Structure formats: C-alpha cells, structure tokens
4 protein chains.
Amino acid sequence: MIGVIGAGTCDETTYDQARQVGRGIAEMGATLVCGGLGGVMQGACQGAHEAGGQAVGILPGPDKSQANAYVTLPVVTDMGHARNILVVRSSDILVAIHGGYGTLSEISIGLKLAKPIVGLNTWPDMEGIVYVSTPAAALESVQSLLTKADCKGSRLSS
Amino acid sequence: MIGVIGAGTCDETTYDQARQVGRGIAEMGATLVCGGLGGVMQGACQGAHEAGGQAVGILPGPDKSQANAYVTLPVVTDMGHARNILVVRSSDILVAIHGGYGTLSEISIGLKLAKPIVGLNTWPDMEGIVYVSTPAAALESVQSLLTKADCKGSRLSS
Amino acid sequence: MIGVIGAGTCDETTYDQARQVGRGIAEMGATLVCGGLGGVMQGACQGAHEAGGQAVGILPGPDKSQANAYVTLPVVTDMGHARNILVVRSSDILVAIHGGYGTLSEISIGLKLAKPIVGLNTWPDMEGIVYVSTPAAALESVQSLLTKADCKGSRLSS
Amino acid sequence: MIGVIGAGTCDETTYDQARQVGRGIAEMGATLVCGGLGGVMQGACQGAHEAGGQAVGILPGPDKSQANAYVTLPVVTDMGHARNILVVRSSDILVAIHGGYGTLSEISIGLKLAKPIVGLNTWPDMEGIVYVSTPAAALESVQSLLTKADCKGSRLSS
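For clarity, every value in this text was computed on a predicted model and none was experimentally measured.

Undergrad: How should I be thinking about the overall build of chain A in this particular structure?
TA: For chain A, the count of helices and strands is 5 helices and 7 strands. Beginning at the N terminus, the succession of helices and strands in chain A can be written as β-α-β-α-β-β-α-β-α-β-β-α. For a compact globule of 158 residues, the expected C-alpha radius of gyration is about 15 Å, and chain A comes in at 14 Å, within 12% of that figure. Once the C-alpha set of chain A is aligned to its principal axes, its extents read approximately 40 × 30 × 30 Å. Counting all 158 residues of chain A, 60% fall into the buried class. Carbon and sulfur atoms provide 49% of the accessible area of chain A, an area that totals close to 5600 Å².

Undergrad: Help me out: how do you make sense of the relation of the copies chain B and chain A in this one?
TA: When chain B is fitted to chain A, the residual RMSD is 0.0 Å, and the transformation amounts to a turn of 180° plus an axial shift of 0.0 Å. Such values leave the two copies arranged in the relation of a two-fold axis. Within chain B, the C-alpha atom positioned nearest to the axis of rotation is that of Val75(B), 4.3 Å from it. Most of the interface of chain B is mirrored in chain A: 100% of its interface residues are interface residues there too.

Undergrad: What is the right way to look at the relation of the copies chain A and chain D in this model?
TA: Turning one copy of the chain about an axis and sliding it along that axis gives the other copy, so a rotation and a shift relate them. For the pair chain A and chain D, the superposition axis carries a translation of 0.0 Å, the fit reaches an RMSD of 0.0 Å, and the rotation angle comes to 180°. A shared binding surface is used by both copies, with 100% of the interface residues of chain A retained as interface residues in chain D.

Undergrad: Looking at this structure, how should I read the interface of chain A and chain D?
TA: Often, the extent of an interface is quoted as the loss of accessible area on bringing the components together. If you look at the interface, chain A gives 17 residues, while chain D gives 17 residues. Taken together, the two surfaces of chain A and chain D that pack against each other cover about 1500 Å², and 77% of this comes from carbon and sulfur. It is His81(A), Tyr101(A) and Lys112(A) that lose the most area in chain A upon contact with chain D, and together they represent 40% of the buried surface on that side. Taken together, the connections running from chain A to chain D amount to 2 residue pairs in polar contact (both at pLDDT 80 or more). Contributions of two or more residues to the side of chain A that touches chain D are made by α3 (83-90) and α4 (101-112) of chain A. A total of 8 residues in the side of chain A that touches chain D trace back to one element, the largest contributor, which is α4(A). Here the residues of the side of chain A that touches chain D sort into 9 nonpolar, 5 polar and 3 charged.

Undergrad: Can you walk me through the interface of chain B and chain A in this structure?
TA: Between chain B and chain A, the residue contacts involve 24 residues of the former and 24 residues of the latter. For Asp92(B), the salt bridge goes to Lys64(A), with nearest N and O atoms at 2.8 Å. For the pair chain B and chain A, the interface holds 9 residue pairs in polar contact (both at pLDDT 80 or more). Residue assignment for the side of chain B that touches chain A shows that the elements contributing at least two residues are β3 (55-59), β4 (73-76) and α3 (83-90) of chain B. Among the elements that line the side of chain B that touches chain A, the one with the most residues is β4(B), at 4 residues. Broken down by class, the residue content of the side of chain B that touches chain A amounts to 12 nonpolar, 7 polar and 5 charged.

Undergrad: Sorry, what's going on with the pairing of strand β1 (residues 2-5) of chain D here?
TA: On a regular strand, each side chain points to the face opposite its neighbour's, so the side chains alternate between the two faces of the sheet. Residue and element names in this part refer to chain D. Residues Ile-2 and Val-4 point to one face of β1 and Gly-3 and Ile-5 to the other, with burial holding for every one of them. Bridge analysis of β1 against strand β2 (residues 32-34) gives 2 bridges, and the strand direction is parallel. Residue Ile-2 lies in a different strand from β2, and its bridge partner there is Leu-32.

Undergrad: Looking at this structure, how should I read the environment of Gly110(B)?
TA: Residue and element names in this part refer to chain B. When you line up the elements, Gly-110 lands in helix α4 (residues 101-112). It is 15 Å that separates the C-alpha atoms of Gly-110 and Gly-99, two residues lying 11 residues apart in sequence. Setting aside residues no more than four positions away along its own chain, Gly-110 makes contact with Val-88, Leu-94, Lys-115 and Ile-117.

Undergrad: Can you walk me through the pattern of salt bridges in this structure?
TA: It is possible for side chains of opposite charge to pair when their charged atoms get near one another. In this structure the tally under the stated criterion is 16 salt bridges over all chains. For Asp78(B), the salt bridge identified is with Arg89(A), shortest N-O distance 3.1 Å. You can see Asp78(B) sitting in the loop between β4 and α3 and its partner Arg89(A) sitting in helix α3, one on each of two chains. Assessed through its relative accessible area of 11%, Arg89(A) is described here as buried. The structure contains a network of salt bridges with shared partners spanning Arg19(A), Arg23(A) and Glu50(A).

Undergrad: It is not clear to me how the packing of helix α3 (residues 83-90) of chain D against helix α4 (residues 101-112) of chain D should be interpreted in this structure. Could you clarify?
TA: The geometry of a pair of packed helices is captured by two quantities: the angle between their axes and the separation between those axes. Residue and element names in this part refer to chain D. Following both chains from N to C, one finds α3 and α4 inclined at 45°, their axes separated by 9 Å at the closest point. Considering the angle they form, α3 stands oblique to α4. As for how α3 packs across α4, the hand of that crossing is right-handed. Residues Asn-84, Ile-85, Val-87 and Val-88 of α3 touch α4, and the partners they reach there are Gly-102, Ser-105, Glu-106, Ile-109 and Gly-110. Partitioned by chemical class, the residues of the contact of α3 with α4 number 4 nonpolar, 4 polar and 1 charged.

Undergrad: Before we go on, may I ask you to explain the sheet that holds strand β7 (residues 129-132) of chain A in this structure?
TA: Two pairing modes exist for strands in a sheet, parallel and antiparallel, and in both the strands are linked by backbone hydrogen bonds. All names here are of chain A. If you trace the 7 strands from one edge of the open sheet to the other, you get β4-β3-β2-β1-β5-β6-β7, paired in parallel fashion. Each having just a single partner strand, β4 (73-76) and β7 make up the two edges of the open sheet. Adjacent strand axes in the sheet meet at a mean angle of 25° when their direction is disregarded. With 4 bridges connecting them, strand β3 (residues 55-59) and β4 associate as parallel partners. Residue pairing in the sheet places Leu-59 in a bridge with Val-76 of β4. Contacts between α3 and the sheet are confined to β1 (2-5), β2 (32-34), β3 and β5 (93-97), with β3 contributing the most and set at about 150° to the helix.

Undergrad: Would you explain the packing of aromatic side chains in this entry?
TA: Aromatic rings in a pair are described by how distant their centres are and how their planes are angled relative to each other. All names here are of chain B. For the structure shown, the criterion picks out 4 aromatic pairs over all chains. Consider the rings of Tyr-101 and Trp-123, whose centres lie 5.7 Å apart with planes at 35°: the pair is tilted. You can see Tyr-101 sitting in helix α4 and its partner Trp-123 sitting in the loop between β6 (117-120) and β7 (129-132), a full 22 residues away along the chain. Look at Tyr-101 and you get partly exposed, because its relative accessible area is 24%.

Undergrad: Which parts of the structure should I look at to understand the state of the cysteines?
TA: Any covalent bond linking the sulfur atoms of two cysteines counts as a disulfide. All names here are of chain C. The tally for this structure, following the rule as stated, stands at 0 disulfides over all chains. For Cys-34, which is in no disulfide, the shortest distance to another cysteine sulfur is to Cys-45 and amounts to 3.5 Å. Taking relative accessible area as the criterion, Cys-45 reaches 0% and is therefore assigned buried.

Parameters and conventions
Residues numbered from 1 in each chain as written. Chains lettered and ligands numbered in written order. Predicted model: local features only at pLDDT ≥ 70, side-chain atom pairs only at ≥ 80, totals over all residues. Heavy atoms only, no water. Helix = DSSP H or I, 4+ residues; strand = E, 2+ residues; numbered from the N terminus. Rg over C-alpha atoms; globule rule 2.2 N^0.38 Å. Buried < 20%, exposed > 50% of the residue type's maximum accessible area, 1.4 Å probe, protein only. Areas by Shrake-Rupley, 256 points an atom, 1.4 Å probe, with all protein chains shown as cover. Least-squares fit on C-alpha atoms with pLDDT ≥ 70 in both. Contact = heavy atoms within 4.5 Å. Buried area = accessible area lost by both parts, 1.4 Å probe. Polar contact = N/O pair within 3.5 Å; in protein donor to acceptor, adjacent residues only side chain to side chain. Nonpolar A, V, L, I, M, F, W, Y, C, P; charged D, E, K, R; others polar. Salt bridge = Lys/Arg side-chain N within 4 Å of Asp/Glu carboxyl O. Pairing = 2+ DSSP bridges. Axes fitted to C-alpha atoms, helices over the stretch in contact; angles between N-to-C directions. Parallel < 35°, antiparallel > 145°, perpendicular 65-115°, else oblique. Left-handed = near helix turned anticlockwise from the far one by under 90°. Phe/Tyr/Trp six-rings, centres within 6.5 Å; stacked < 30°, edge-to-face > 60°. Disulfide = S-S within 2.5 Å.

So this is what it looks like as structure tokens:
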C-alpha cells in the first residue's frame, strides 16, 4: 500500500503530477492510499483509476459523500485531521506532493514512524525525505524502496 | 461495502457461519469490511478470499501484523476499540454474527447511525435488527437491503 | 475520575437524577467525566458545578461551542461517537443513567474493559452492571467501589 | 486552556524552560494541557503543579499508567499519535518548546486550525509562529494573546 499525501486543492500542474504518480502506483500492482478528498488526493486517485488500480480514501467526514469520484474504497472515519495518522500508518511508503500544513503533519508522523517518504515539490529540507523533481523519479524511488529488504513486513513486496 | 462484526474468538460452528457469509458477500460483488482480527472476522475474510473477493480489515493495533491471513486490504488505525466506529461508518449494511461486548458496541453505534443490521445468533431483542437464523437467510436479507431504495447513497447499489 | 453516561436529551426527572449524581460525585471530591453535551451530561455537570466540583466534557465536535454551560474542562476531540471510548477509558467508575444507543455503546466498551458500572434506570439485564434505583443508591455504590481494593490503580482512591 | 507541546525526552535546560512555562500558565489562572508523558510535557506539568495549578494530560496509551507524576487530570485515549490532534484542538493557545517530529505534527495541525502558537527554541521559520527565546517572553506572548480580542470564544479570557 502506497500513500500519496498532498493538499485538498492544488493547481493543474500539481494535479497532473499526482495523477502520474497514482497511475504509476497502480501499474506497479500496488494499492493507493490517500485522504480521499480533492486536489492531490483526487489526482492520484484518478491516475490509479485510469490504470485499473485501486484507490483507498480514508475520509475525515461522517460519511462517504466527500470522497472524490475516483475513490474505489472509501473508509469513513468521522475523525477530521486525526485521520491523517491512519493514512500514514496504513501506508508502507509515502509520496508527498506539494502540500500544506495537513501534509506537513503527515510527513512528521511518517518520519516519527520511520516510514520511507518520497518528496515531490513538497516541504523542503526534512532529513529522511528522498527528494525528487518529477513523477517518474518519484515512481522510481518507490519501486526501489519496494524491492529493498528494509520494506519487509510489507504485503506488497511478498 | 458490507460489514461483518463479531468476536475475535469463536467456536467452529460460528466460524463456519462467518465464512459462508463472507463468501456470499464476495459473490454478490460487494467488498467485505471488518475489524481484521481472528474469530468471526477471520471466518468472514476467509470466505471472501475463497470467492475471490476483497476483505478490508480496519485494525486496532499500530501495524498490520495482527491482521488475519485473509485480509486483502489492511487499514491500520492504532486506535483500539475506537476503530469499531470506523467499521460501522464504512459499512453500508452490517451483519452481526454471535459476538460479545465489542460487537454490542458496534451494533449500538450502527443503530444510532440508522445503518441496516442483519443479526445471526447475536445479541437478542434489539429493535432495528433483522434477525435471521442461517447464513443463507443473512445473505438474502443483505441482498434485499442492497436492492432497496433506502440503500441510496451506496456505491454498491449503483 | 467518575464517568456519567446517558443521552443528550432527557426528561426532567432523568435530568434531576443526573444532577443529584453529579453533585454527589463532586461532594466526594472526585472529578466528573462525561461527553459534555446536553441531557444527562448537562444534568451531571450542573450538579458537579453546584457542589463546586469539576466537570470534564469530552466533546465530539471540532470546537468547544457545543459544551454545556457547566463543563469546566472541555476536551475537544472532533471524533464524533469515537469519543465515547475516551469517556469510558478516562473513567475509573461509570454511572449509566437512562440512555439510548450511544450509552449502550459506552456500557459495552466499559464491560469489555472491565470497568465497574453502576446503572440507574438504564439498559437492563447486562451482567456486570450494579443496578440501583435512586441517585442516592448510585452514589453509595460509587463510594463503595472507590474504597474497594479492586479500584487500585485509581488516583482517586489513593 | 494553554497547550504545551514538546518531546517526551529532553535535556535539563529544556526541562527547566518547560517548568517555568508551566508555572507561569498556572499563575495566570489558566489550565495546562499537554500529552501527559515525560520530557517537556512533564516539565510543564511540574511547573503547573508547583504553582497549584491544573495539568491535563491527554495520553496516547490504553490507561493512565504512563502519565507523569504531575498530571492532575489524565484523559485516556488509546489513540497513539492521533491524540496529538486532541491536544491541539483542546488548547486556545499553544506553546511549542524544542521538540521533534511529534511536536512538528502538532505545530502543523495548530497552524492549519489557525491556533496562536508561541515557539521557544522549536522548529524554525514557520510562518504563523511567534518566536521567543526565553520562558518569560513566551509567557508574555501568551498573556498578550489571552487579552486580545481574537481570543474570543475562549472560556479563559471571559
């Protein structure tokens, strides 16, 4: 399970990057996990959907009405921002794309839990993030993390 | 998304009932949601797995190591019993099989949220539960609820 | 810390009973814990307030605006019904007064966690609840539980 | 309610700063809120305790055994890092002291929720944080925020 984290609103370029990342995750045969809303989350879900993959949306609200149209598996938490921690914990690897304070909270928890994080145009200068500058490079990093031994325990790599 | 709720340990008969229910849910083309642990949860997941379906496990612990072997999509919450509310909210319909106090907490929240609940050998005399006595009857009730207009809003029925 | 659980709306008699229980808890020198909203919760908080005691309200919403006027210490969760589990876990002893499905979910989790529960006109026939029929009897039960050795681990009894 | 956020382990200097901040918060008549564990959280609680004030500890574990010795009001969540969001939401103003990734997650959520944040030797260069370099300056900032009109809605300022 690969998490994509980023803001709920974003410009077209960022949306397109998220979409490419989502598509690549699905093409790897992995499951996309995200917060299920708009912006980067929707871009990633759309990409996964286009590649015939699955997109888990861990939603902050009380029902699934907020889920973007490409979420295939809505998990309803009614926990607001506290659902960010669930996105992080449920992901074997995280890809942070751009993002605001919500994304930073997810990066922080991800680093605290020692999750591998790939960063694409996101919060800079965080020790522990593998920074990349294109969706293709992000996917390459994810792929290399997936095949690494330190990704043991992951169902994806088995 | 159809939730199956029940205790984490159970006798063989109950396990087999859960397995039949899980299998039937998958055969309907629905996604199984449960707490991801043993007992009734594992039985339902095994059934879904045998029918080639998907089994979401919303786990109470800090990682996915506790998930039973048939969970195809582990959601990690680290929230203990509070994850019960997420199982209920993420389900369009609930099937309660046998069960202890944890199950009763899920039934209570399900009734509070006006979720349809089918009960198989579970807590008795709760207004709002459709009681049945066999897995086949449980699946029939689920199927009839799925086709009813009051299940609107569900992605499953669309 | 003594938890009082019950519905967010109630008749005058039930409100008055909650108020007496809240007052008694404060007079024991204990801290009242509840869900912080109206009905039984408000009655208990009013009673605690009248006796100069403290009332912790563990609130379901995103800010403290929903807290009843007698909550002295609002804890804001934005977790909806999942906050019920926090009310239970934070209480050394629970007093259930009347109540609907939300209360039943709290009783269930309380029994699962082996918390002592005193029941006043609440869900009947639950093994593990000490049923009483007046606020005075409820307070007597709480007092006796507080002085018992099995309440070890509680800061209140030390 | 004033939140103090910081790491669960810290050096003596940081501990002492937290203690001074906690003491000052109590002397203002405010209630201290924190995560209830060691390090900065314990320092703040000790300070509040020494000034005769109250210290709410919103704990990550399943019971109150982890609370530091100066917590007067343990709130038990069993939610791990997700309890960070509750610390932030329950605070009218936050004081960040030093801190690691957990603290950064709290700062992020605080900024997202537009909570006033005072920072003492903490994560640098965050827009929206009022940076100070001594406990006395931190307390001055808190006091000035408390008396400001934008702190309306707070029970503390009424």
